[in-house]
There are 2 protein chains.
Amino acid sequence: MEAKPNIQDVAKLADVSIATVSRVINNQGGVRRVTEERILKAIEELGYIRSAAARTMKRKETNTIGVIVPDIKNPFFPLVMAGIEQKAREKEFFTILSSTNESPKVEEEIVKNFIERGVDGVIITTANENGDHLKLLHEQGIPVVAVDRSIKKFEVDTVLVDNKKGSYQAVQHLILQGHEKIAIICGPQSTTPGLERFLGYKKALEDYNIELDERYVIHGDFGEQSGIESTKKLFELDDQPTAIFSSNNLMTIGCMKALDELNWKLGSEVSFIGFDEVDIATFLNPKLSVVARPMNAIGEIAFQLLHERISFKGALPKREYLLSPELKIRESCRLASQPM
Amino acid sequence: MEAKPNIQDVAKLADVSIATVSRVINNQGGVRRVTEERILKAIEELGYIRSAAARTMKRKETNTIGVIVPDIKNPFFPLVMAGIEQKAREKEFFTILSSTNESPKVEEEIVKNFIERGVDGVIITTANENGDHLKLLHEQGIPVVAVDRSIKKFEVDTVLVDNKKGSYQAVQHLILQGHEKIAIICGPQSTTPGLERFLGYKKALEDYNIELDERYVIHGDFGEQSGIESTKKLFELDDQPTAIFSSNNLMTIGCMKALDELNWKLGSEVSFIGFDEVDIATFLNPKLSVVARPMNAIGEIAFQLLHERISFKGALPKREYLLSPELKIRESCRLASQPM
DNA sequence: GTGAAAGCGCTAACAG
DNA sequence: CTGTTAGCGCTTTCAC
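Residues numbered from 1 in each chain as written. Chains lettered and ligands numbered in written order. Predicted model: local features only at pLDDT ≥ 70, side-chain atom pairs only at ≥ 80, totals over all residues. Heavy atoms only, no water.

The name an unreviewed UniProt entry gives chain A is Substrate-binding domain-containing protein, with Metabacillus idriensis as the organism.

Written out as structure tokens, the structure reads:
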């Protein structure tokens, strides 16, 4: 376990100067074939690997982007992440990922750490859309792309899914099936997705002249547990809804667990649509209808935008991608009039 | 968007030397109260953040660990990752994550990159248990902890789940229900989990004097698609098995999809147990029995082991944790004799 | 308590 | 083609 070899050691062994070694390890050309081979051999022999730290100090760039997500356990994010990584690897960029557990405080630490490490850019689904804690990034001129949740305080490129449209379509579908008592399990109204999905719900009801009934609007927190609790509240209502719209994947799962526990019959007694695809959707009976998002594409586009900013340096206008979600009709929405 | 401030700028503004600034940002004490406050104010004003690169060059440590997983889309890994991150944060360590897509080549790149960046240690579920490509880590004396899959070439701390025991128990349960025609959908036999889960299956059959029937041993690759295909092969057999054991979560999902498509009735026509918990388990009818692993604990222990190595530096013996999986009996295994 | 100065390992100008 | 050299921003002796 000898000391790590450095460029000096390589130069000495290959009997050249460190400048020549540097040329070789950076593929800059202009080195005689034999010399290069001698150096390569020395590198191999020593097991030399260049220090990113030293390199970064000179170059002021790391070829690394940071990705910040609120909850790595939510399957949505690994899928987005996969899209990001794939594109990043193509451009020879490296990705580092951290999860905030929805804590703005942790998020701030992570941001600071990313800056310390000199990331060239960051892709973030923030735990605090206000964005105060991102001031640092902005000050340092580090490009940021917001995914899934926008950032109020600063102008940053954004890739969102049309949440409002998605939930509108879902609720519209329910209405066209004859439902009027349609409940929504909301996400936090302080987040873009939480708010917009509620707005889509509201708009659909308005367009079809159905009065919004506050009892049918339950506030969850995007977690599985709150899906369970929300569903129970709905069940306990004197005037139960005939359909439920859940604002995200985890709450959908919670909702299904509650339905099962309460013996509230999916499809026949209560129709359902959820935002976001879930693994369980096609295994339930009836199969779940959902609003699906193109996770992989979201990640790819996010990296694309970020990469353009990193490369161009110059002023680019703020770009905003709005991807369309897809309503997947399966079996969990029955005609309201249908006999039970 | 001015240039990033450095320690010089801070020193100048606070009218002290850079040495004093350094003392303050590292909380080394020995600085007069007023001086310190002046410096802190300057830091605040400038929005100064110290460069990790420069720091690393001196200190030779990064307080960062690298985590390498084969497939971030497999829900097992985010869960393990969550355990790692949690413990790491407690010790003020930072975590960087990369996914190899099961490619040893990509894995090697990642390893090299991690070394370049000077990670203090790495936690890895390798795509190639042989471990040749980890030679570099070994040479540089960087501590490694293997998770879920061991590494042949070098002695490294390892945290595994007792795969053999888990699958033994699963198959035993099937046998005790009266099944004799028990099929297994294997994972790659080149991986520890793939092999051991097969060995547990084999052992159980032996112990109960059931001859192993090659037709019932199907080779999958741990992916969902191969779960589908394997199940179809089983279905097409003249002498269909009465029970199936699936070696991992994704293949379980594939298997369920195939069962549904083939209209092969789970529970009544064919019993089932899968290795690893899956979201869909409790939503299927009948509910799926599974062998569950403690993902969060795996991550926590892995970090623990790694951290000890990083701190102690001295020689520690190779440690090997073997966690017990838990057989969760639900409803997908019926008595073989039971009328259909 | 504080400052001056010596590098850490590398890249990039400049010289030859 | 190849070598010399000046930093990059920081930590850490060693003085004072």
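There is more to say, and it comes next.
Chemist: Residue-level account of the sheet that holds strand E5 (residues 157-161) of chain B, with values.
Modeler: All names here are of chain B. The strand order across the open sheet built from six strands is E2-E1-E3-E4-E5-E11, with neighbouring strands paired in parallel fashion. A strand with exactly one partner marks an edge of an open sheet, and here the two such strands are strand E2 (94-99) and strand E11 (320-323). Sheet twist, expressed as the average angle between the axes of neighbouring strands with direction ignored, equals 15°. Sheet analysis places strand E4 (residues 144-147) next to E5, joined by three bridges and oriented parallel. In the strand pairing of E5, Val 145 is matched with Asp 157. (Pairing = 2+ DSSP bridges. Helix = DSSP H or I, 4+ residues; strand = E, 2+ residues; numbered from the N terminus. Axes fitted to C-alpha atoms, helices over the stretch in contact; angles between N-to-C directions.)

Chemist: Would you mind going over the protein's contact with DNA strand D in detail, with residue names and values included?
Modeler: Around DNA strand D there are 28 residues in total, and Arg 23, Thr 35 and Lys 58 of chain A together with Ile 7 and Tyr 48 of chain B lie nearest to it. Sugar and phosphate atoms constitute 56% of the interface atoms of DNA strand D, taking the interface as everything within 4 Å of the protein. Note that a sugar or linking oxygen of DNA strand D is positioned 2.8 Å from one of the side-chain N or O atoms of Lys 60 of chain A. Between Arg 55 of chain B and DNA strand D, the recorded distance is 3.1 Å, taken from a side-chain N or O atom to a phosphate oxygen. In terms of residue count, the dominant contributor to the surface near DNA strand D is helix H2 (residues 18-25) of chain B (five residues). Class assignment for the residues of the surface near DNA strand D results in ten nonpolar, nine polar and nine charged. (Near = heavy atom within 4 Å. Polar contact = N/O pair within 3.5 Å; in protein donor to acceptor, adjacent residues only side chain to side chain. Nonpolar A, V, L, I, M, F, W, Y, C, P; charged D, E, K, R; others polar.)

Chemist: Provide a residue-level description of the relation of the copies chain A and chain B, including the pertinent values.
Modeler: Note on the identical chains: chain A maps onto chain B by a rotation of 180° and an axial translation of 0.1 Å, with an RMSD of 0.2 Å. What we have between these two chains is a two-fold relation. Among all residues of chain A, the minimum C-alpha distance to the rotation axis is found for Ala 53 of chain A, at 2.1 Å. A share of 100% of interface residues in chain A that are also interface residues in chain B marks the association as one of identical surfaces. (Least-squares fit on C-alpha atoms with pLDDT ≥ 70 in both. Contact = heavy atoms within 4.5 Å.)

Chemist: So what's going on with the nonpolar core? Residues and values would help.
Modeler: A general tendency of soluble globular proteins is for nonpolar side chains to be buried together. Membership of the largest hydrophobic core comes to 86 residues, with the highest contact counts inside it found for Met 256 of chain A together with Met 256 of chain B. Formed by 54 residues, the second largest nonpolar core is a distinct cluster that contains Ile 72, Phe 76 and Leu 305 of chain A together with Phe 76 of chain B. (Core = buried A, V, L, I, M, F, W, Y, C linked by side-chain atoms within 4.5 Å. Buried < 20%, exposed > 50% of the residue type's maximum accessible area, 1.4 Å probe, protein only.)

Chemist: How would you summarise the UniProt feature "domain: HTH lacI-type" (unreviewed entry) in chain A if you had to cite specific residues and measurements?
Modeler: Feature annotation in UniProt places "domain: HTH lacI-type" (unreviewed entry) on residues 5-59 of chain A, given in this structure's numbering. A helix fraction of 69% and a strand fraction of 0% characterise residues 5-59 of chain A, whose end C-alpha atoms lie 21 Å from each other. (UniProt positions renumbered as here; feature names shortened; annotations may be inferred.)

Chemist: A description of the packing of helix H8 (residues 163-176) of chain B against helix H9 (residues 192-207) of chain B should follow, citing residues and the corresponding values.
Modeler: All names here are of chain B. Two elements in contact, H8 and H9, have axes separated by 7 Å at closest approach and are oriented at 40°. Considered as vectors, H8 and H9 are oriented oblique to each other. For H8 against H9, the interelement crossing comes out right-handed. Residues Asn 163, Lys 164, Ser 167, Tyr 168, Val 171, Gln 172 and Ile 175 of H8 pack against Pro 193, Glu 196, Arg 197, Leu 199, Gly 200, Tyr 201, Lys 203, Ala 204, Leu 205 and Asp 207 of H9. For the contact of H8 with H9, the class distribution of residues is eight nonpolar, four polar and five charged. (Parallel < 35°, antiparallel > 145°, perpendicular 65-115°, else oblique. Left-handed = near helix turned anticlockwise from the far one by under 90°.)

Chemist: Any chance you could break down the protein's contact with DNA strand C for me, citing the residues and the numbers?
Modeler: Inspection of the region around DNA strand C gives 28 residues, with Ile 7 and Tyr 48 of chain A together with Arg 23, Thr 35 and Lys 58 of chain B positioned closest. Counting only atoms of DNA strand C within 4 Å of the protein, the sugar-phosphate share comes to 58%. The separation between a phosphate oxygen of DNA strand C and a polar side-chain atom of Tyr 48 of chain A is 2.3 Å. The side chain of Arg 55 of chain A places a nitrogen or oxygen atom 3.1 Å from a phosphate oxygen of DNA strand C. Counting residues per element, the ones that place at least two in the surface near DNA strand C are helix H2 (18-25) and helix H4 (52-59) of chain A together with H2 and helix H4 (52-59) of chain B. Here the element with the most residues in the surface near DNA strand C is H2 of chain A; it accounts for five residues. Residue composition of the surface near DNA strand C, grouped by class: ten nonpolar, nine polar and nine charged.

Chemist: Summarise the sheet that holds strand E7 (residues 217-219) of chain B; cite the residues concerned and give the values.
Modeler: Residue and element names in this part refer to chain B. Taken in spatial order, the six strands make up an open sheet running E7-E6-E8-E9-E10-E12, and their pairing is mixed. In the strand order of this sheet, the two ends are held by E7 and strand E12 (326-328), each with one partner. Between one strand axis and the next, the sheet turns through 15° on average, direction left out of account. In this structure, strand E8 (residues 243-246) lies alongside strand E9 (residues 271-275), joined through four bridges in parallel fashion. Considered in E9, the bridge of Ala 243 is made with Ser 271. This element, helix H11 (residues 249-262), spans strand E6 (182-186), E8 and E9 of the sheet and lies at about 155° to E9.

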